[in-house]
Amino acid sequence: MNDSQMESWGKSLGSLHTCSQVYEPAKEIKRKDWRDGLDHIAVVIERHSHEKEALLELDNLRIWLYSLKQSKHEYGLIHYDFQQDNIFWHTSTSQFHIIDFDDAMYHWYAMDIVAALADVLDNKERDSSRQVECFLRGYTTIFPLDKQMIEHFPKFLRFSKLYSFSRILTALEDSDLSNTPPWYAGLRLKLMTMRDEMRLGFSNPW
């Protein structure tokens, strides 16, 4: 994306959060929240008791997340997967349109920004600061963002990685199969590599 599109991407997420602030779902269909996410991670790690680093990461995340305030200006229903494979650019309106709300949950709005920019924030091969700056410039023209929430981006990224780690562990359970299609071995190896790389990150200091 160029700078203008990055800014429009941020505006689109800001607009979504503006809608989220006033959205009131029926009680019987209310989405899960970050606590459910932590519980899911805990259940998966319990099945993989050798993942000591992940368990420590979970404990640290739990302590930190429970310490955050949940004001209506900072917390609500988020998309959680506002990445480029789920948005469509409409040239005539200069807007992004969004699909795939499967992972939506109640969380801090900053988490949605981090989840959207996860690939950008985690790319160590290039300076991503300009892209992040453009995204946030667009976002904050629509929706306020406290400076402290920006400072929390690295910790929200750790939540995203641990949550993804738990889902990869689940996907790899009983995955050593025979009589698989040609693409299967490559996919399994890719997931195993991602799992191992994520595990290394859990040892980084808080």
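Here, every reference points to the structure presented above.
As the structure is a computational prediction, the values presented were derived from the model and not from experiment.

Colleague: An account of the overall build of the protein chain is requested, with residue identities and associated values reported.
Modeller: The number of helices and strands found in the protein chain is nine helices and four strands. Secondary structure elements in the protein chain, listed N-terminal to C-terminal, are α-α-α-β-β-β-β-α-α-α-α-α-α. Out of the 206 residues in the protein chain, the part that is buried amounts to 42%. Look at the contacts in the protein chain between residues 6 or more apart in sequence, and 78% of them connect residues 24 or more apart. With an accessible surface of roughly 12,000 Å², the protein chain has 53% of that area assigned to carbon and sulfur atoms.

Colleague: Outline the nonpolar core, supporting the account with residue identities and numerical values.
Modeller: Counting 56 residues, the largest nonpolar core has W9, L65, I113, F135 and F156 as its most contacted members. Ranked by the residues each element gives to this core, the list is headed by helix α8 (residues 153-172), at 10 residues. Those residues within four positions of F135 in sequence are excluded, and the remaining contacts are M6, W9, G10, L13, I113, A116 and L117.

Colleague: Account for the packing of aromatic side chains, naming residues and giving values.
Modeller: Each aromatic ring pair is summarised here by two numbers: the centre-to-centre distance and the angle between the ring planes. Considering all chains together, one arrives at 15 aromatic pairs under this definition. With centroids separated by 5.4 Å and ring planes inclined at 45 degrees, the aromatic side chains of W34 and W108 adopt a geometry described as tilted. With W34 in helix α2 (residues 34-47) and W108 in strand β4 (residues 105-108), this residue pair connects regions lying 74 residues apart in the sequence. Note on W34: relative accessible area 1%, which makes it buried. Here the aromatic rings of Y109 and F143 are separated by 5.1 Å at their centres, their planes lie at 75 degrees, and the arrangement is edge-to-face. In this pair, Y109 sits in helix α4 (residues 109-116) while F143 sits in the loop between α6 (129-140) and α7 (147-151), placing the two residues 34 residues apart along the sequence. Summarising the burial analysis for this pair, Y109 and F143 share the class buried. Here the aromatic residues W34, W64, Y66, Y75, W108, F156 and W206 are joined through ring pairs into a cluster of three or more.

Colleague: Provide a residue-level description of the packing of α4 against α8, including the pertinent values.
Modeller: For the pair α4 and α8, interaxial distance at closest approach is 9 Å and the crossing angle is 70 degrees. Comparing the axis directions of α4 and α8 gives the class roughly perpendicular. Here A110, M111, I113 and V114 of α4 come into contact with α8, specifically with F153, F156, L157, F159 and S160. Class assignment for the residues of the contact of α4 with α8 results in eight nonpolar, one polar and no charged.

Colleague: Please set out unusual backbone geometry residue by residue, giving values where relevant.
Modeller: Phi is positive for Y80, close to 75 degrees, though the residue is something other than glycine. Among the secondary structure elements, Y80 is positioned in the loop between β1 (75-78) and β2 (87-90). Of note, D174 is a non-glycine position whose phi angle comes to about 55 degrees, a positive value. Tracing the sequence through the fold places D174 in the loop between α8 and α9 (184-201).

Colleague: Tell me about the pairing of strand β3 (residues 95-98), residues and numbers included.
Modeller: Pairing of β2 with β3, which is carried by four bridges, proceeds in the antiparallel orientation. Across the sheet, W89 pairs through a bridge with F96, a residue of β3. The loop that links β2 with its antiparallel partner β3 comprises four residues; one of these, S94, has a positive phi angle of about 55 degrees.

Colleague: Can you explain the packing of α2 against α8? Please cite residues and give values.
Modeller: A pair of packed helices is characterised by two quantities: the angle between their axes and the separation of those axes. At a closest axis distance of 9 Å, the pairing of α2 and α8 adopts a crossing angle of 45 degrees. With respect to each other, α2 and α8 are oriented oblique. The two elements α2 and α8 cross, and the hand of that crossing is left-handed. Residue-level contacts link W34, G37, L38, H40, I41, V44 and R47 of α2 to F159, L162, Y163, S166, R167, L169 and T170 of α8.

Colleague: Could you give me a rundown of the environment of S203, with the residues and numbers involved?
Modeller: With respect to the helices and strands, the residue S203 is situated in the segment after α9. Overall, the relative accessible area of 57% leaves S203 in the exposed class. A sequence separation of 33 residues divides S203 from T170, and the C-alpha atoms of the two residues are 21 Å apart. Within the structure, S203 has its side chain in polar contact with the backbone oxygen of L200 (distance 2.8 Å).

Conventions we followed
- Residues numbered from 1 in each chain as written.
- Predicted model: local features only at pLDDT ≥ 70, side-chain atom pairs only at ≥ 80, totals over all residues.
- Heavy atoms only, no water.
- Helix = DSSP H or I, 4+ residues; strand = E, 2+ residues; numbered from the N terminus.
- Buried < 20%, exposed > 50% of the residue type's maximum accessible area, 1.4 Å probe, protein only.
- Contact = heavy atoms within 4.5 Å.
- Areas by Shrake-Rupley, 256 points an atom, 1.4 Å probe, with all protein chains shown as cover.
- Core = buried A, V, L, I, M, F, W, Y, C linked by side-chain atoms within 4.5 Å.
- Phe/Tyr/Trp six-rings, centres within 6.5 Å; stacked < 30°, edge-to-face > 60°.
- Axes fitted to C-alpha atoms, helices over the stretch in contact; angles between N-to-C directions.
- Parallel < 35°, antiparallel > 145°, perpendicular 65-115°, else oblique.
- Nonpolar A, V, L, I, M, F, W, Y, C, P; charged D, E, K, R; others polar.
- Pairing = 2+ DSSP bridges.
- Left-handed = near helix turned anticlockwise from the far one by under 90°.
- Polar contact = N/O pair within 3.5 Å; in protein donor to acceptor, adjacent residues only side chain to side chain.

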